[in-house]
Amino acid sequence: MYLAYPNEQAAYATAGSQYLYGPDYLVAPVTTPGTTATTSVWFPPGNSWTDIFTGKTYRGGTTQNITTTLDTMPVFKKH
């Protein structure tokens, strides 16, 4: 995250917990066991980000707690 957003302090704080997959996808892997998990996701500023499983859109420059189940994962497309 900090390579793409070097001037954003939050990009450094999320190192190891989320990453960009190419220029348009943000992935925040779930690393806790269970049938549901809540993951804190930082959405970089300047764009909106849409959850590819639910269609819900999040505003860039925010941090949100995202809850997923076994059949989804936190993957977001930049708009």
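Residues numbered from 1 in each chain as written. Predicted model: local features only at pLDDT ≥ 70, side-chain atom pairs only at ≥ 80, totals over all residues. Heavy atoms only, no water.

Caption draft 1: View of the nonpolar core. Listed in full, the twelve residues of the largest apolar core are Met1, Tyr5, Ala11, Leu26, Ala28, Val41, Trp42, Phe43, Trp49, Tyr58, Ile66 and Phe76. The dominant element in this core, judged by the number of residues it contributes, is strand β3 (residues 36-43), at three residues. The contact partners of alanine 11, leaving out residues within four places of it in the chain, are Met1, Tyr2, Tyr5 and Trp42. (Core = buried A, V, L, I, M, F, W, Y, C linked by side-chain atoms within 4.5 Å. Buried < 20%, exposed > 50% of the residue type's maximum accessible area, 1.4 Å probe, protein only. Helix = DSSP H or I, 4+ residues; strand = E, 2+ residues; numbered from the N terminus. Contact = heavy atoms within 4.5 Å.)

Caption draft 2: Looking closely at the environment of threonine 67. Mapped onto the elements of the fold, threonine 67 is located in strand β6 (residues 62-69). On the accessibility criterion, threonine 67 (54% relative accessible area) is exposed. Each C-alpha atom, one on threonine 67 and one on threonine 31, is 13 Å from the other, the two residues being 36 residues apart in sequence. The contact partners of threonine 67, leaving out residues within four places of it in the chain, are Thr36, Ala37 and Thr38. At 2.9 Å, the side chain of threonine 67 and the side chain of threonine 38 are in polar contact. (Polar contact = N/O pair within 3.5 Å; in protein donor to acceptor, adjacent residues only side chain to side chain.)

Caption draft 3: Spatial organisation of a nonpolar patch on the surface. On the surface, a nonpolar cluster with roughly 610 Å² of combined accessible area is contributed by Tyr19, Tyr21, Tyr25, Ile52, Phe53 and Met73. Tracing the backbone shows isoleucine 52 in the loop between β4 (48-51) and β5 (57-59). (Patch = residues over 30% accessible without salt bridge, like charges linked within 9 Å, V, L, I, M, F, W, Y side chains within 5 Å. Areas by Shrake-Rupley, 256 points an atom, 1.4 Å probe, with all protein chains shown as cover. Salt bridge = Lys/Arg side-chain N within 4 Å of Asp/Glu carboxyl O.)

Caption draft 4: Geometry of the packing of aromatic side chains. Taken as a whole, this structure holds five aromatic pairs when the rule is applied. Arranged with centres 5.9 Å apart and planes meeting at 90°, the rings of tyrosine 5 and tryptophan 42 form a pair that is edge-to-face. Taken together, the residues span a long stretch of sequence, with tyrosine 5 in the segment before α1 (9-13) and tryptophan 42 in strand β3 at a distance of 37 residues. A relative accessible area of 14% places tyrosine 5 in the buried class. Take tryptophan 42: its relative accessible area is 5%, and that puts it in the buried class. Between tyrosine 58 and phenylalanine 76, the ring centres sit 5.8 Å apart and the planes meet at 85°, which makes this aromatic pair edge-to-face. You can see tyrosine 58 sitting in strand β5 and its partner phenylalanine 76 sitting in strand β7 (residues 75-78), a full 18 residues away along the chain. Put simply, the rings of Phe43, Tyr58 and Phe76 touch in pairs and so form one group of aromatic residues. Lying over the aromatic face of tyrosine 25, lysine 77 brings its terminal NZ or CZ to 5.5 Å of the ring centre. (Phe/Tyr/Trp six-rings, centres within 6.5 Å; stacked < 30°, edge-to-face > 60°. Lys NZ or Arg CZ within 6 Å of the ring centre and 35° of its normal.)

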